[in-house]
Amino acid sequence: MYESTRGNFSTKSAAEVIALGMVPQGGLFVPTALPKARWQDYQNSTYSQLAAALMNLFLTDIPSADIEKAVKVYEDGRFSSANPVPLVGLADCSVLELWHGPTAAFKDMALQVLPYLLSSSIKTLGTEQEVIILTATSGDTGKAALEGFKDVPGTRIIVFYPEGGVSPVQERQMLTTKAQNTTVVAVKGNFDQCQNAVKDIFSSEQLRNELLEHKMVFSSANSINWGRLLPQIVYYFWAYIQAFKQGKIKENEKLNIVVPTGNFGNILAAYYAREMGLPIANLICASNDNKVLADFFQTGIYDSNRPFYLTSSPSMDILISSNFERYLYEASGRNGKKVRQWYEQLASSGRFEVDREVLTACRDGMWAGWCDQQAVKSTIKKVYADSSYLLDSHTAVAMKVYQDYREKTGDPAFTVIVSTASPFKFAQSVLEALTEKSFSGKAGEAVERLKDTTGWEIPDCLENLFEKAIREKILCSPEEINGLITNDLLKKKFL
Ligand SMILES: *Cc1c(COP(=O)(O)O)cnc(C)c1O
């Protein structure tokens, strides 16, 4: 069963929380207790088998047969490598490549599976409603969600992204999606404004009722949905098993994990894996210039009132890390009342401060750091020079923060750097880092140039992206989003 982080909702089953996405009046669903799992039991499993086993532990009211079907996505050819998540060894750490899915970023790991879980949940609940997926994206979620949900019967997906706040490749990927049930909206604002507008729609009782009259129901493909987080736990077990099999660690030796962080979903999945019993020592939370989390771990103050930077790692340009609420819930000893107060303060004043005790609990097994864009560039260049390995601009943040961590702590433990995107997805930034020159050609040319410079292969999904036909884009302000739903979706059936 699942409960709300704000103590404001009755406990719900897995199917219910996946269908709902988030607690309607604010708050996120978390499992009432975490099941234990032994990595040794899955040493000889395929990725799909491991995923099914772990997901079955959590999704107790979803038929196992549906879960079996869902996890087939990892072996039916959508992932470009036979091992969907390779662990690649470098000189003093290993890189977990989460970007072999259909959109070349780690969001595929969960968003390929979520539509199946959602369809099954709706079926399990016996409701015959069309599911309207609303998703705010800082770039990668959008395309991954569009790919996951495209032409899935009974679903319709609307993606909102900040105009000018995503990379040319990301925008192009979204606008070239071919499907009957997808809509892409560019919002004149930043990611947090997109995300807040979407959250407001979710918590509007009036809109929900209007939708019900049309036999529709909202759900979310953002990482606030439990169905997004759960598939992410799987690859941490997979990473551990591979590290063991490769002889990087001894049986049950603890390793560290470094995660380039935005909405705190990916690293939270690692935290849950550790709570389930996976031998993880420290989790290292890496931020870019938008270092609201790094500052929080220093001071205990979460303060979103600060300049917002557009960086070369746009998927981490976030000041309100939604999933951090789930972490605070655990760190506060599951104190829903406190969490509610903090998030009410965040909504009204843009900041909150936790007490000493909670901060200490937050820091237990978690280290946070950040790095600026210059360091991202030099890290990409140096790692390529030393190891012939190409980091994308998000993974480079993680690598640099790991180097800082090692310097400051001297911790020699084996460490896994989580790689969240193919370098080709952020080709211009990567190319500029390698050549130390700014690149003024077209975005499509940067992809080709990066291939020529390094000999690395372009992922299929990015090949010829800029020659594909694009659809007209809908542009609106954050204030207009609500009207877009009520008028265009419900009345005119236009979206
Ligand atoms: C989404 C994303 C992140 C941030 O992940 P969170 O789960 O939001 O912390 C990092 N890198 C890339 C490439 C992403 O797409």
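Identification of the chain as Threonine synthase from Syntrophobotulus glycolicus is taken from an unreviewed UniProt entry. In UniProt, the chain has this text filed under Cofactor (unreviewed entry): "pyridoxal 5'-phosphate". Per UniProt, the comment on the chain under Sequence similarities (unreviewed entry) is "Belongs to the threonine synthase family."

How do you make sense of the nonpolar core when you look at a structure like this?
Grouped burial of nonpolar side chains is what soluble globular proteins tend to show. Grouped together as the largest cluster of nonpolar side chains are 111 residues, with contacts concentrated most on Leu59, Ile233, Tyr236, Phe237, Phe296, Phe324 and Leu328. At 13 residues, the largest contribution of residues to this core is made by helix α10 (residues 226-245). With residues near it in sequence (within four places) discarded, Ile233 still touches Phe58, Trp226, Ala269, Tyr272, Ala273 and Met276. Counting residues in each nonpolar core, the second largest holds 39 residues, with Cys371, Val383, Ala433 and Ala446 among its members.

Looking at this structure, how should I read the environment of Ile267?
Structurally, Ile267 is set in helix α11 (residues 265-275). Residues Ile267 and Ala52 lie 215 residues apart in sequence; the distance between their C-alpha atoms is 21 Å. Residues within four places of Ile267 in sequence aside, it is in contact with Val259, Thr261, Leu283, Ile284, Cys285 and Met366.

I'm lost on the packing of helix α12 (residues 292-299) against helix α13 (residues 324-331) in this one. Help?
Pairs of packed helices are described in terms of their axes, by the angle between the two and the distance that separates them. Contact pair α12 / α13: the axes reach a minimum separation of 13 Å and the direction vectors enclose 15 degrees. Classified by the interaxial angle, the pair formed by α12 and α13 is roughly parallel. The chirality of how α12 crosses α13 is right-handed. Side by side, α12 and α13 meet where Leu293, Phe296 and Phe297 of the first sit next to Phe324, Tyr327 and Leu328 of the second. Class assignment for the residues of the contact of α12 with α13 results in six nonpolar, no polar and no charged.

Please explain the site of the ligand as it appears in this structure.
Contacts to the ligand come from 15 residues, most closely from Lys107, Asp140, Gly262, Asn263 and Thr420. Contacts to the ligand include Gly262, whose backbone N or O atom sits 2.8 Å from an oxygen atom. With the chains in place, 98% of the 380 Å² that the ligand exposes on its own is no longer accessible. With respect to the pocket detection grid, the ligand is positioned in the largest cavity. Residue composition of the shell around the ligand, grouped by class: five nonpolar, eight polar and two charged.

Cut-offs and rules
Residues numbered from 1 in each chain as written. Predicted model: local features only at pLDDT ≥ 70, side-chain atom pairs only at ≥ 80, totals over all residues. Heavy atoms only, no water. UniProt positions renumbered as here; feature names shortened; annotations may be inferred. Core = buried A, V, L, I, M, F, W, Y, C linked by side-chain atoms within 4.5 Å. Buried < 20%, exposed > 50% of the residue type's maximum accessible area, 1.4 Å probe, protein only. Helix = DSSP H or I, 4+ residues; strand = E, 2+ residues; numbered from the N terminus. Contact = heavy atoms within 4.5 Å. Axes fitted to C-alpha atoms, helices over the stretch in contact; angles between N-to-C directions. Parallel < 35°, antiparallel > 145°, perpendicular 65-115°, else oblique. Left-handed = near helix turned anticlockwise from the far one by under 90°. Nonpolar A, V, L, I, M, F, W, Y, C, P; charged D, E, K, R; others polar. Near = heavy atom within 4 Å. Polar contact = N/O pair within 3.5 Å; in protein donor to acceptor, adjacent residues only side chain to side chain. Areas by Shrake-Rupley, 256 points an atom, 1.4 Å probe, with all protein chains shown as cover. 1 Å grid on protein atoms, 1.4 Å probe; cavity = no way out; pocket = protein on both sides within 12 Å on 5 of 7 lines; lining within 4 Å. Sits in = over half its atoms within 2 Å of the grid points.

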